[in-house]
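Chain residues, written in single-letter form:
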Amino acid sequence: MTTEPKIYIVDDDATIRDSMRALLESVDLAVETFPTALDFLNSSENIKTGCLLLDVQMPDMNGLELQQRLIEQGTSLQIIIITGHADVPVAVKSLKAGALDFIEKPFKDDVILDCIHRALEIDEKNSKELQSLEEAKARVESLTIREYQVLEKLIQGHPNKVVAFQLGISIRTVEVHRARIFNKTGARNLAHLVRMAMDIGIDPSS
Amino acid sequence: MKLIALSATLALVIFTFDLMLPLGVAGGAPYVALVLMGVWYPNVKHLYILGEVATILVILGFFLSPPGGTLWVVLTNRGLSLFGIWITVFLISSWIKTQKELRDRRAELRHVSRLSDMGQMSTSLAHEINQPLTAIGIYIQAARRTLENKGAEGHDKVYENLEKAVSQADRASQLISKLRSFISKGETEPAPLNINTIIIESRDLALFDAEKRGIKVRSKLARNLPLVLGDKVQIQQVIVNLLRNSHEALMDVKLRELTISTSSDGEAVEVIVEDTGDGISPEILGNLFMPFNTTKANGMGIGLSICRTIIEEHEGKLWSEKRPGGGTKFYFTLPVFSDTPEP
């Protein structure tokens, strides 16, 4: 899961793509370039993490439209918008939509590299969270049906006695299940278990 | 040379004629015809030389012609001849001056129109020049970073990046030099031109942003196209203007195709610029080539009228037709100057 973070560049100008690749590779970043927004969309299903440098002015689909589409797809990519000439409404629009930053061409390498590093930091944090979430999910999924039922009751705040009564099993059995649940999920205490369950989308109130 | 020989012959004929007649006859009057030839000379200086030659001949005639008539009649005759000669010199010199002014004004107007064409393209042009400048900056910064991080090991990479920066600098300066020669004031002398070459240069200037705008440009340039005689800057102006009009016509439509083609029937070279735009609305069509008739927000409406004047001054024709299937076709023709195409 933890592959090297990549920088994706979408720009219709071949020389900008090529020069950006040269710049980013000079500081040992992995780069992938796309000449159009559609090319990026076609491969964006496999792209979950990293940083996207997006040119605003492009034929067919412009940068802002691509940003919109990616957001609709629930992307977790960090997006940096790049433009040929400062256009305040476009800048505001892209930042409001969640772009990390807005950079005007021609730019200094410090500016863009700082911005990219910032994006990668956020991206790393996000992907760590994503990773622990997926691990939690996998652990919960390893529970047996009976264990899962006990888990649901526990996070609703019922004591063992009530759980045993509601499920029609003995208190002793509930205790065994409970120990197994803590063991399998790695939860330190009940509060931790509740939070984990809520993170992966189990609603205690239902 | 032919013109000088003709003038000299005429002067000789009039002089002989004057010598054969008695002094009392106003034999100097026909010299006006000699002075009138000044219209054909390229410089107003020649006109004055003709006037001076005529004056000398009139005075020589006074001494050499056979006697006849009283002295005062003879003197009045000679005086009136000189008067007629110099009045003609004056009239023709002011006519030449007016013609020159008119030519200058037209050249200025053409210049203003070229500036206006480029003015309308300025936003895209700025972008087009900014692009290589940005790339140059990035390549050089990449080279610097590579040096910092990899030292001698990164030599090849640094070299490659610098090479690329140089080629981008060329890209920018080529565009600027094309732009400069297009908007320069100077017009050239008429010379044999290959229309295809001018089209390629004009296309680079007028349609540099076509790809970005999703316009498909097709060039169907005839091989072995005969040369035409013309002013290069002016012909380029016509082509840039037509290409730019088509380019703009394509901005609001889905199907964006622009075709420029050349052909020749041996008598004339024909250029066609066609687009798949919405066509020209009927209310404008009638006044299409009239000045100050524009649909563009920032245009002056002099482009097409100037184009037509330029082509007509080159003894050609410029007209437009509806393109079958939607859009507009602009045609212009120029007479063939020489059948031998450039190698």
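Computed from a predicted structure; not experimentally measured. (Residues numbered from 1 in each chain as written. Chains lettered and ligands numbered in written order. Predicted model: local features only at pLDDT ≥ 70, side-chain atom pairs only at ≥ 80, totals over all residues. Heavy atoms only, no water.)

1. Some remarks on the overall build of chain A
For chain A, the count of helices and strands is nine helices and five strands. Put simply, chain A runs from its N terminus to its C terminus through helices and strands in the order β-α-β-α-β-α-β-α-β-α-α-α-α-α. Within chain A, buried positions represent 44% of all 206 residues. The contacts of chain A with a sequence gap of at least 6 include a subset with a gap of at least 24, amounting to 60%. If you sum the accessible surface of chain A, you get close to 10,800 Å²; carbon and sulfur atoms cover 51% of it. (Helix = DSSP H or I, 4+ residues; strand = E, 2+ residues; numbered from the N terminus. Buried < 20%, exposed > 50% of the residue type's maximum accessible area, 1.4 Å probe, protein only. Contact = heavy atoms within 4.5 Å. Areas by Shrake-Rupley, 256 points an atom, 1.4 Å probe, with all protein chains shown as cover.)

2. Structural notes on the environment of A:Thr83
With respect to the helices and strands, A:Thr83 occurs in strand β4 (residues 78-83). Once residues lying within four places of it in the same chain are set aside, the contact partners of A:Thr83 are A:Asp55, A:Val56, A:Phe102, A:Ile103, A:Glu104 and A:Lys105.

3. Examining the sheet that holds strand β2 (residues 30-34) of chain A
Residues and elements named next belong to chain A. The strand order across the open sheet formed by five strands is β2-β1-β3-β4-β5, and the pairing between neighbours is parallel. Among the strands making up the open sheet, the edge pair consists of β2 and β5 (101-104). Going from strand to strand, the sheet's axes swing by 20° on average, the running direction of each strand aside. Together, β1 (6-10), β2 and β3 (51-55) form the strand contacts of helix α1 (residues 14-26), whose direction differs from that of β2 by roughly 170°. Each of β4 and β5 touches helix α4 (residues 88-96); the most contacted strand, β5, lies at about 150° to it. (Pairing = 2+ DSSP bridges. Axes fitted to C-alpha atoms, helices over the stretch in contact; angles between N-to-C directions.)

4. Focus: the interface of chain A and chain B
In this complex, chain A contributes 25 residues to the contact, which on the side of chain B involves 22 residues. Of the roughly 1,900 Å² buried at the junction of chain A and chain B (both faces included), carbon and sulfur atoms supply 50%. Three residues, A:Thr15, A:Ser26 and A:Asp109, lead the burial of chain A against chain B; their summed loss comes to 23% of the area buried on that side. Applying the counting criterion to the chain A and chain B interface returns six salt bridges. Between B:Lys150 and A:Asp28 there is a salt bridge, and its shortest N-O distance comes to 3.5 Å. Our count for the chain A to chain B interface comes out at 13 residue pairs in polar contact (both at pLDDT 80 or more). (Buried area = accessible area lost by both parts, 1.4 Å probe. Salt bridge = Lys/Arg side-chain N within 4 Å of Asp/Glu carboxyl O. Polar contact = N/O pair within 3.5 Å; in protein donor to acceptor, adjacent residues only side chain to side chain.)

5. Observations concerning the packing of aromatic side chains
Counted by the stated rule, this structure contains six aromatic pairs over all chains. Between A:Tyr8 and A:Phe40, the aromatic rings sit 5.9 Å apart at their centres with planes inclined by 65°, giving edge-to-face as the arrangement. One end of the pair, A:Tyr8, is in strand β1; the other, A:Phe40, is in helix α2 (residues 37-43), with 32 residues separating them in the sequence. Centroid distance B:Phe62 to B:Phe63: 5.1 Å. Interplanar angle 70°. Geometry classified as edge-to-face. The exposure class of B:Phe63 is exposed, given its relative accessible area of 61%. Cluster of aromatic residues (ring-pair linked, three or more members): A:Tyr8, A:Phe34 and A:Phe40. Over the ring of B:Phe289 we find B:Arg308, and its NZ or CZ is 3.8 Å from the ring centre. (Phe/Tyr/Trp six-rings, centres within 6.5 Å; stacked < 30°, edge-to-face > 60°. Lys NZ or Arg CZ within 6 Å of the ring centre and 35° of its normal.)

6. A closer look at helix α3 (residues 63-72) of chain A
All names here are of chain A. Residues of α3 that are buried include every one of Gly63, Leu64, Leu66, Gln67 and Leu70, and no others. Summarising the axial view, the buried residues of α3 lie within an arc of 160°, below the 170-degree limit, and thus occupy one face. Its side-chain oxygen at 2.9 Å from the backbone nitrogen of Leu64, Asn62 defines the N-terminal cap of α3. A positive phi of about 75° marks Gly74, the residue just after α3. (Arc of directions from axis to C-beta.)

7. A word on the nonpolar core
All names here are of chain B. In terms of nonpolar packing, the biggest core is built from 46 residues, with Met118, Ile195, Ile235, Ile239, Leu242, Leu243 and Phe332 touching the most fellow members. For this core, the secondary structure elements donating two or more residues are α5 (122-150), α6 (155-183), α7 (195-206), α8 (232-249), β4 (257-264), β5 (268-275), α10 (303-313) and β7 (328-338). Considering each element in turn, this core owes the most residues, six residues, to α8. When near neighbours in sequence (up to four residues on either side) are disregarded, Ile235 contacts Leu193, Ile195, Ile198, Ile311, His314 and Leu334. (Core = buried A, V, L, I, M, F, W, Y, C linked by side-chain atoms within 4.5 Å.)

8. What to know about unusual backbone geometry
The omega torsion of the bond from A:Lys105 to A:Pro106 falls at -10°, within 30 degrees of zero and hence cis. Phi is positive for A:Asp28, which is not a glycine, with a value near 60°. Residue class for A:Asp28 comes out exposed when judged on its relative accessible area of 54%. One non-glycine residue, B:Glu315, lies in positive phi territory at about 60°. By the element assignment, B:Glu315 lies in the loop between α10 and β6 (317-322).

Distances and angles like these do not, on their own, reveal function.
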